[in-house]
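# Reading the structure
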Amino acid sequence: QVRLVESGGGLVQPGGSLRLSCAASVSLAAFFRMAWYRQAPGRQRELVADITNDGATSLVDSVKGRFTISRDNAEKTIYLQMNDMKLEDTAVYYCTGQAYTGSVQDFWGQGTQVTVSS
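Cut-offs and rules
Residues numbered from 1 in each chain as written. Predicted model: local features only at pLDDT ≥ 70, side-chain atom pairs only at ≥ 80, totals over all residues. Heavy atoms only, no water. Helix = DSSP H or I, 4+ residues; strand = E, 2+ residues; numbered from the N terminus. Contact = heavy atoms within 4.5 Å. Disulfide = S-S within 2.5 Å. Pairing = 2+ DSSP bridges. Axes fitted to C-alpha atoms, helices over the stretch in contact; angles between N-to-C directions. Salt bridge = Lys/Arg side-chain N within 4 Å of Asp/Glu carboxyl O. Buried < 20%, exposed > 50% of the residue type's maximum accessible area, 1.4 Å probe, protein only. Core = buried A, V, L, I, M, F, W, Y, C linked by side-chain atoms within 4.5 Å. Phe/Tyr/Trp six-rings, centres within 6.5 Å; stacked < 30°, edge-to-face > 60°.

Its place among the elements puts Asp50 in strand β5 (residues 46–52). Asp50 sits 39 residues away from Leu11 along the chain, and the two C-alpha atoms are 23 Å apart. Among residues more than four places away in sequence, those in contact with Asp50 are Arg33, Met34, Ala35, Ala56, Thr57, Ser58 and Ile69.

Once that is clear, we can look at the state of the cysteines. Applying the stated rule across the entire model yields one disulfide. The partner cysteine of Cys22 in its disulfide is Cys95, sulfur to sulfur 2.0 Å. On the sign convention where negative is left-handed, the bridge of Cys22 and Cys95, at about -70° about the S-S bond, is left-handed. One end of the pair, Cys22, is in strand β3 (residues 18–24); the other, Cys95, is in strand β9 (residues 91–100), and 73 residues separate them in sequence.

Spatially, the four strands line up as an open sheet ordered β1-β3-β8-β7, and their pairing is antiparallel. Every other strand in the sheet has two partners, leaving β1 (4–7) and β7 (67–72) as the edge strands with one partner each. In this sheet, neighbouring strand axes are inclined to one another by 15° on average, regardless of whether the strands run parallel or antiparallel. Two strands pair when backbone bridges link them, and β3 and strand β8 (residues 77–82) are joined in this way by six bridges, in the antiparallel orientation. Bridging from a neighbouring strand, Leu20 pairs with Leu80 of β8.

Attention now moves to the pattern of salt bridges. Summed over the entire model, instances satisfying the criterion amount to six salt bridges. A salt bridge links Glu46 to Arg38; its shortest N-O distance comes to 2.6 Å. Accessibility expressed as a relative area gives 28% for Glu46, which makes it partly exposed. We note a salt bridge from Asp61 to Lys64, for which the minimum N-O separation is 3.0 Å. Ionic contacts of the salt-bridge type, sharing partners, join the residues Arg38, Glu46, Arg66 and Asp89 into one network.

What follows concerns the nonpolar core. Counting residues in each nonpolar core, the largest one holds 28 residues, and the members touching the most others are Trp36, Leu80, Met82 and Tyr93. Broken down by secondary-structure element, the contributors of at least two residues to this core are β3, β4 (33–39), β5, β7, β8, β9 and β11 (112–116). Those residues within four positions of Tyr93 in sequence are excluded, and the remaining contacts are Glu6, Leu20, Trp36, Tyr37, Arg38, Val48, Phe67, Leu80, Met82, Gly111, Thr112 and Val114.

Right, let's talk about the packing of aromatic side chains for a bit. For the structure shown, the criterion picks out three aromatic pairs. Arranged with centres 6.1 Å apart and planes meeting at 75°, the rings of Phe31 and Phe107 form a pair that is edge-to-face. Of this pair, Phe31 sits in the loop between β3 and β4 while Phe107 sits in strand β10 (residues 104–108); the two residues are 76 residues apart in sequence, bridging distant segments of the chain. Assigned by exposure class, Phe31 and Phe107 land together as buried. Seen in terms of ring centroids, Tyr94 and Trp108 are 6.4 Å apart; in terms of plane orientation they differ by 80°. Their pairing is edge-to-face. Of this pair, Tyr94 sits in strand β9 while Trp108 is found in strand β10, placing the two residues 14 residues apart along the sequence. The class of Trp108 is partly exposed, set by a relative accessible area of 37%.

Quick look at the structure:
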């Protein structure tokens, strides 16, 4: 059974940092793409960053220069390092992995709350 479990959320002041982790129950090689999404209250879920199986990454413009996505295949974990955080980064952050099992299947974690507040 594929499970993705996020951790590392919490309360941080503006300008502070957090690192989110997403631990998979299977090898990361099972996913051709993994990503972090976030959803703020009253807003649609949005893509924050993604990373492919060969390590290519992309970030939404609003977090470029502040956030970094990475992966540790041995630990079966992806990370989202968030620096210089802003109030507008407040959201529930979700980890997702896409795998091809005859068709594309999406797997989601349960989410972790990130609150930026002074």
